[in-house]
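Notes for the structure review
Here are the chains, one letter per residue:
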Amino acid sequence: MTDVHDIEASLATLLKARQRRLTALRQYFRFARSRKVVLVDPTRGIKAKGPSGFSGTTIVVDQQRQLFRRWTTSADAHPHEALLGILALLHAASSSEVRLLRVDDLDSISRTVHLGKRPHPVPLDPASWAVRQRCLAHREDQNTDNPHVIVTRITKTGRAPASTAYVSHILDPCGIGPRTLRSTRPADLVNALDPKLVAAVLGMDPEGVMIYLSDHVDAGRLPDRQERSQ
């Protein structure tokens, strides 16, 4: 017998088509109920709007380690790839924040960086700092006055940032998109720290951060059943 849980599981397989598929299922079960094929319509009470929790993709820890090594110890990755990859993976930087990053956003004394509209400078760990140095060295080789950290052959003679199209394909060699990398970091942080603290650090709206916590329960953080029964 089909119940509401079966319907929700079916709708969850293709979230973008949820409303259209739910409409079709409602029509079917209304017909089936009118013919007494089923006694209860399992689609009653199901909302057309899907759950508001995070539904994107993230990468597992082993894959994070592989990418970290690629960008910090391997010479195969282009400096631009390493910079975007590390800032997204470790500091939840968006491709837009990295694309618009300027040299004067980097503080060599405090080893921090201003990312986008974040309220506080972001401290850079040694690995991130080394990647930053490598990217600046690459920029220096281009003999440019462009104020941005990421400079291409097209933008080195001007002052405009690299194109959105260019930045969107920087990570193609490693097979992971910037959005997936960026989503991985807040998802990890929100489920390990106070979501309000994460929102303040990343300069995000608290409601925007909470979607990464939706429907997530880390079993290791729950008290043991025997302890709760005492």
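Cut-offs used in this document
Each chain has its residues counted from 1, running along the sequence as written. With the structure being a predicted model, the display of local features is reserved for residues of pLDDT at least 70 and the display and counting of side-chain atom pairs for 80 or more, all residues being used for whole-chain, interface and lining totals. Side-chain measures were taken over the full set of non-hydrogen atoms in the model, leaving aside hydrogen atoms and water. A pair of strands is considered paired only if DSSP assigns at least 2 bridges between the two. Secondary structure elements are defined from DSSP: runs of H or I of at least 4 residues count as helices, runs of E of at least 2 residues count as strands, and each element is numbered from the N terminus. Each salt bridge in this description consists of a side-chain nitrogen of Lys or Arg and a carboxyl oxygen of Asp or Glu lying within 4 Å of one another. Think of it in three bands: residues with accessible area under 20% of the maximum for their type are buried, residues over 50% are exposed, and the middle band is partly exposed, with areas taken using a 1.4 Å probe on protein chains only. What pLDDT expresses is the predictor's confidence in each residue, scored from 0 to 100. Whether two residues touch is decided by their heavy atoms; if any such pair falls within 4.5 Å, the residues are in contact.

The subject of this paragraph is the sheet that holds strand S3 (residues 122-123). Pairing is antiparallel in the open sheet, where 3 strands are placed in the order S1-S2-S3. The open sheet has two edge strands with one neighbour each: strand S1 (106-107) and S3. Here strand S2 (residues 112-113) pairs with S3 via 2 bridges, running antiparallel. In the strand pairing of S3, Val-113 is matched with Val-122.

Looking now at the pattern of salt bridges. Using the criterion set out here, one finds 4 salt bridges in the structure. A salt bridge links Arg-70 to Glu-81; the nearest nitrogen and oxygen atoms lie 2.6 Å apart. With a gap of 11 residues between them, Arg-70 in helix H3 (residues 61-73) and Glu-81 in helix H4 (residues 79-91) connect regions that are remote in the sequence. Residue Arg-70 is classed as partly exposed on the basis of its relative accessible area, which comes to 21%. The class of Glu-81 is buried, set by a relative accessible area of 2%. Arg-102 serves as the salt-bridge partner of Asp-104, at 3.7 Å between the closest nitrogen and oxygen. Here Asp-104 falls in the exposed class, since its relative accessible area comes to 58%.

In this section: the confidence of the model for the protein. In regions of low pLDDT, the predicted coordinates are not meant to be interpreted in detail. Averaged over the protein, the pLDDT score is 82; the fraction of residues at 70 or greater is 80%. Of all the helices and strands in the protein, helix H11 (residues 225-229) carries the lowest mean pLDDT, 46, while helix H6 (residues 126-141) carries the highest, 95. Predicted confidence is poor over residues 225-230, with pLDDT under 50, and the contacts of this stretch with residues over four places away or in other chains come to 1 contact.

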